[in-house]
Amino acid sequence: MTAGTLFGSFILLFVALVGAFLGVANLAHRRQQTVSGKVIGAAIVALLSVGSWLMSQGELFVRLPETVVAWVTVAAYLGAALFLLVVLDALVIGEYLIERRRRYIPDVIRTLLIGAELVVVLLVVLRVVMDIDVLALVALPTVAAAVIGVALKDTFARFFAGVELGKVIKVGDWINTMEKEGRVAHIGMEHVTLVTLEQDHVTLPNDVMIHAGIANYSRPSTTHVCVIDVEATYQKSPLQVCFVLVEAAAAVEGVLPDPRPEALVGSFKESGIQYRLRFSIGDYARHQTLSSTVRSYVWNAFHRHGIEIPLPQRVLHQPVSFQPAAAVPASSHIASRLGAIDLFAVLSPEQLALLVADAVVQDYLPGERIVREGEPGEDLYVILKGRAEVRIRHDALESTVAMMEEGEFFGEMSLLTGACRSATVVATSHLQLLALGRHAITHLLEQDDGLIERIGAVVAERQGRSQAAREQLSRESASMAIDKQRRSLVERMQIYLWGKPKG
């Protein structure tokens with residue numbers, strides 16, 4: 001190959017290098033990213049090697065021996081090839097396969113491909129530029145190969161173990177291996193780096209991880225099932241306790257509705273019955289926080305329903321019935337607050353004090369349901385503190401029709417007529433309610449005819465607003481059904497006329 005041909009080839013190669021770098025820089029700019037250090041480093045190596053060759057061809061310095069010039073030429077080709085291979089890796093693997101096709105290719109595989117391709121380029125350049133028999137270079141002495149293989153045995157084992165790990169775990173996954181738990185931050189050629197919940201960085205060898213086994217909490221799905229054990233007294237039915245456990249877990253924000261939480265009877269112990277509560281979450285990093293929150297909701301629900309969590313004990317004692325909740329003292333404060341409500345404004349102070357004495361206070365946490373639409377009930381609730389929302393369902397639609405605050409009440413129809421709950425009421429903040437049972441106001445209604453008339457007027461007004469909301473929801477549901485039917489008909493017509501839906 002003549003000097004003029006080499007010079008022309010390197011000029012074209014230099015232009016190609018500059019064009020490739022500008023293309024990668026433009027792509028990074030569109031993605032609002034910076035050019036990777038690998039590309040910049042390869043570009044510097046290519047420019048230095050090509051520049052060195054151009055200087056070796058000029059007259060500014062003493063003319064170098066032909067052998068030195070030949071090796072400088074080989075180095076220039078290798079530098080340019082390295083840059084082009086790195087650019088191809090960034091465009092084909094990084095941009096197309098990983099960014100667009102959402103494929104995961106470990107960095108160790110990408111490095112291995114670039115290295116193998118560079119070796120092929122080296123052999124071709126040596127053959128073309130220096131006329132070296134590459135077959136002789138490939139046939140390395142057996143003893144030297146064996147020595148290198150023994151010396152790098154552990155390195156090779158970790159390298160290929162890293163290739164296998166790329167099929168099992170990916171950066172960002174939450175895993176448990178070798179009694180270490182954390183998020184995968186990096187998968188290297190020899191080690192994997194984990195970041196634990198305590199924000200500690202742990203480095204583990206690839207080959208040891210492969211043999212130890214890995215529990216991946218992020219694949220094939222990010223859904224993770226948490227399990228907590230709870231004990232409850234023998235005085236309550238296991239069916240009731242399981243229902244309370246499920247409702248408490250389902251009310252926690254962050255617990256997935258599907259699959260629905262599940263409560264199981266675990267075992268019968270000396271102090272009580274052990275229950276196992278299972279619930280699903282979508283982010284394993286929050287499993288400790290959500291488990292703690294579920295336990296708090298369980299405690300609150302147990303306290304509200306009169307379910308005792310027994311302490312380990314072997315002392316013989318006389319069983320004492322556990323009260324669902326503490327009775328509200330007949331205080332002037334609670335009585336005055338009830339008297340401010342239209343429903344109870346006609347009661348005398350003595351009647352209010354008697355009513356408060358028979359009531360109980362219940363606490364609800366955000367997201368918990370107080371009553372559910374369609375279920376029976378006999379209690380009327382007065383909001384002492386907090387907020388709640390009223391939801392009604394029509395077909396597949398559920399809509400919030402009202403927000404209730406301190407001083408408002410609900411549940412009067414179920415209490416007075418025995419009808420099922422007409423709406424679902426959900427706490428939107430920490431909610432404190434005064435629960436008035438049927439026995440608490442029955443004798444008051446019998447003594448005061450004006451009270452029952454007043455209640456009737458208030459109930460009629462509230463029923464009118466609820467009915468209007470249901471009619472509005474029904475109209476919205478009918479409109480959605482018509483629109484769905486229209487889309488289905490248009491799609492059928494498109495398939496019939498054109499063979500496939502359009503748009």
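Scope of this entry: the structure provided in the associated data block. The model shown is predicted, which means the values in this text are computed figures rather than measured ones.

It is worth spelling out the packing of aromatic side chains at this point. Taken as a whole and judged by the stated rule, the model has four aromatic pairs. Measuring from ring centre to ring centre gives 5.9 Å for Trp174 and Tyr284, while their planes differ by 55 degrees; the resulting arrangement is tilted. One end of the pair, Trp174, is in strand S1 (residues 174–177); the other, Tyr284, is in the loop between strand S8 (273–281) and helix H10 (287–304), with 110 residues separating them in the sequence. Take Trp174 and Tyr284: they sit in the same class, and that class is buried. Their ring planes at 25 degrees and their centres at 5.3 Å tell us that Tyr381 and Phe410 sit as a pair that is stacked. Placement of the pair is Tyr381 in strand S11 (residues 380–385) and Phe410 in strand S14 (residues 409–410), with a sequence separation of 29 residues. Looking at Tyr381, the relative accessible area reads 6%, which means it is buried. Looking at Phe410, the relative accessible area reads 5%, which means it is buried. Here the aromatic residues Trp174, Tyr217 and Tyr284 are joined through ring pairs into a cluster of three or more. Lying over the aromatic face of Tyr364, Arg304 brings its terminal NZ or CZ to 3.7 Å of the ring centre.

This part is about the pairing of strand S4 (residues 201–205). Bridge count for strand S3 (residues 191–195) against S4 is five bridges, and the pairing is antiparallel. Residue Leu194 lies in a different strand from S4, and its bridge partner there is Val202. Connecting S3 to the next strand, S4, in antiparallel fashion are five residues, including Gln199 with a positive phi near 65 degrees.

For the rest of this paragraph, the subject is the packing of helix H12 (residues 349–357) against helix H14 (residues 438–447). Between H12 and H14, the shortest axis-to-axis distance is 8 Å and the interhelical angle comes to 155 degrees. Considering the angle they form, H12 stands roughly antiparallel to H14. Helix-helix and strand crossings are classified by hand; for H12 and H14 the assignment is right-handed. Facing H12, whose interface residues are Gln351, Leu354 and Leu355, H14 presents Ala440, Ile441, His443, Leu444 and Gln447. Taken together, the residues of the contact of H12 with H14 break down into five nonpolar, three polar and no charged.

Quick look at the nonpolar core now. In terms of nonpolar packing, the biggest core is built from 28 residues, with Leu245, Leu277, Phe279, Val294, Val298 and Phe302 touching the most fellow members. Every element with two or more residues in this core is listed here: strand S6 (224–232), helix H9 (238–250), S8 and H10. Ranked by residues supplied to this core, first place goes to H9 with seven residues. Apart from residues lying up to four places away in sequence, Val294 is in contact with Ile228, Ala249, Val252, Val255, Leu277 and Phe279. Residues Leu338, Val382, Phe409 and Leu415 belong to the second largest nonpolar core, which totals 23 residues.

Here we take up the pairing of strand S7 (residues 262–268). When S7 meets S8, the two strands line up antiparallel, connected through six bridges. Bridging across to S8, Ala263 finds its partner in Leu277. Taking the residues that link successive antiparallel strands as the turn, the S7-S8 hairpin has four residues.

Strand order in the open sheet formed by three strands is S6-S8-S7, and the pairing between neighbours is antiparallel. Looking at the sheet topology across the chains shown, the edges are occupied by S6 and S7. Across the sheet, the mean angle from the axis of one strand to that of its neighbour is 25 degrees, orientation sign disregarded. Relative to S8, S6 runs antiparallel, the two being bridged by nine bridges. Across the sheet, Val230 pairs through a bridge with Tyr275, a residue of S8. Across the sheet, H9 touches S6, S7 and S8, and the angle it forms with S8 is around 30 degrees. The strands touched by H10 are S6 and S8; relative to S6, the strand with the most contacts, the crossing angle is about 35 degrees.

Right, let's get into the side chain of Glu389. Along the chain, Glu389 turns up in strand S12 (residues 388–394). Given the relative accessible area of 13%, Glu389 is considered buried. Not counting chain neighbours up to four residues away, the residues in contact with Glu389 comprise Thr400, Ala402, Met403, Thr424, Val425, Val426 and Thr428.

The five strands lie next to each other as S4-S3-S2-S1-S5, forming an open sheet whose pairing is antiparallel. Either end of the sheet is taken by a strand with one partner, and the two such strands are S4 and strand S5 (215–216).

Moving on, we get to the pattern of salt bridges. Within this structure, the stated rule accounts for nine salt bridges. Asp173 is the partner of Arg219 in a salt bridge, and the nearest nitrogen-oxygen pair spans 2.7 Å. Linking Arg219 in the loop between S5 and S6 with Asp173 in the loop between helix H7 (153–168) and S1, this pair joins segments that are 46 residues apart in sequence. Residue Asp173 is classed as buried on the basis of its relative accessible area, which comes to 3%. Between Arg304 and Glu368 there is a salt bridge, and its shortest N-O distance comes to 3.2 Å. Of this pair, Arg304 sits in helix H10 while Glu368 sits in the loop between strand S9 (360–364) and strand S10 (369–371); the two residues are 64 residues apart in sequence, bridging distant segments of the chain. Looking at Glu368, the relative accessible area reads 3%, which means it is buried.

Mapped onto the elements, Gln362 comes out in strand S9. Under the relative-accessibility criterion, Gln362 is labelled buried at 11%. Within polar-contact distance, the side chain of Gln362 engages the side chain of Tyr364 at 3.1 Å. Ignoring anything within four residues of it in the chain, the contact list for Gln362 reads Arg304, Tyr381, Leu431, Gln432, Leu433 and Ala435.

Cut-offs applied
All residue numbers refer to position in the chain's written sequence, counted from 1. Reporting in this predicted model follows two pLDDT cut-offs: at least 70 for local features of residues, and 80 or more for side-chain atom pairs to be given and counted; totals over whole chains, interfaces and linings ignore these cut-offs and use all residues. Excluded from the side-chain calculations are hydrogens and water; all other atoms, namely the structure's heavy atoms, are used. Only the six-membered ring of Trp is used, alongside the rings of Phe and Tyr, when aromatic pairs are assigned; centres must lie within 6.5 Å, and planes under 30 degrees apart are stacked while those over 60 apart are edge-to-face, with the rest tilted. Here a strand is any run of E in DSSP of at least two residues, a helix any run of H or I of at least four, and the numbering for each starts at the N terminus. Throughout, exposure labels follow a simple rule: accessible area from a 1.4 Å probe, protein chains only, divided by the maximum for the residue type, with under 20% read as buried, over 50% as exposed, and the rest as partly exposed. Charges are assigned to positions over rings by a cutoff of 6 Å between ring centre and Lys NZ or Arg CZ, combined with an angular limit of 35 degrees from the ring normal. By the convention used here, strands pair only if DSSP detects at least 2 bridges between them. Angular values range over 0 to 180 degrees, each being the angle between N-to-C directions of two axes fitted as lines to C-alpha atoms, with helices fitted over their stretch in contact. Here the angle decides the label: under 35 degrees means roughly parallel, over 145 means roughly antiparallel, 65 to 115 means roughly perpendicular, and every other value means oblique. Crossings are classed by handedness, with left-handed meaning an anticlockwise turn of the near helix from the far one by less than a right angle and right-handed meaning a clockwise turn. Note on definitions: a residue-residue contact is assigned when non-hydrogen atoms from the two residues lie within 4.5 Å. Residues are sorted three ways: Asp, Glu, Lys and Arg are charged, Ala, Val, Leu, Ile, Met, Phe, Trp, Tyr, Cys and Pro are nonpolar, and all the rest, Gly among them, are polar. Side-chain atoms within 4.5 Å are what join buried Ala, Val, Leu, Ile, Met, Phe, Trp, Tyr and Cys residues into a set we call a nonpolar core. Salt bridges are defined by distance alone: a side-chain nitrogen of Lys or Arg within 4 Å of a carboxyl oxygen of Asp or Glu. Under this definition, polar contacts are N or O atom pairs within 3.5 Å; protein pairs additionally need one hydrogen-donor-capable and one acceptor-capable atom, and for neighbouring residues in sequence, both atoms have to be side-chain atoms.

None of this, on its own, says anything about what the molecule does.
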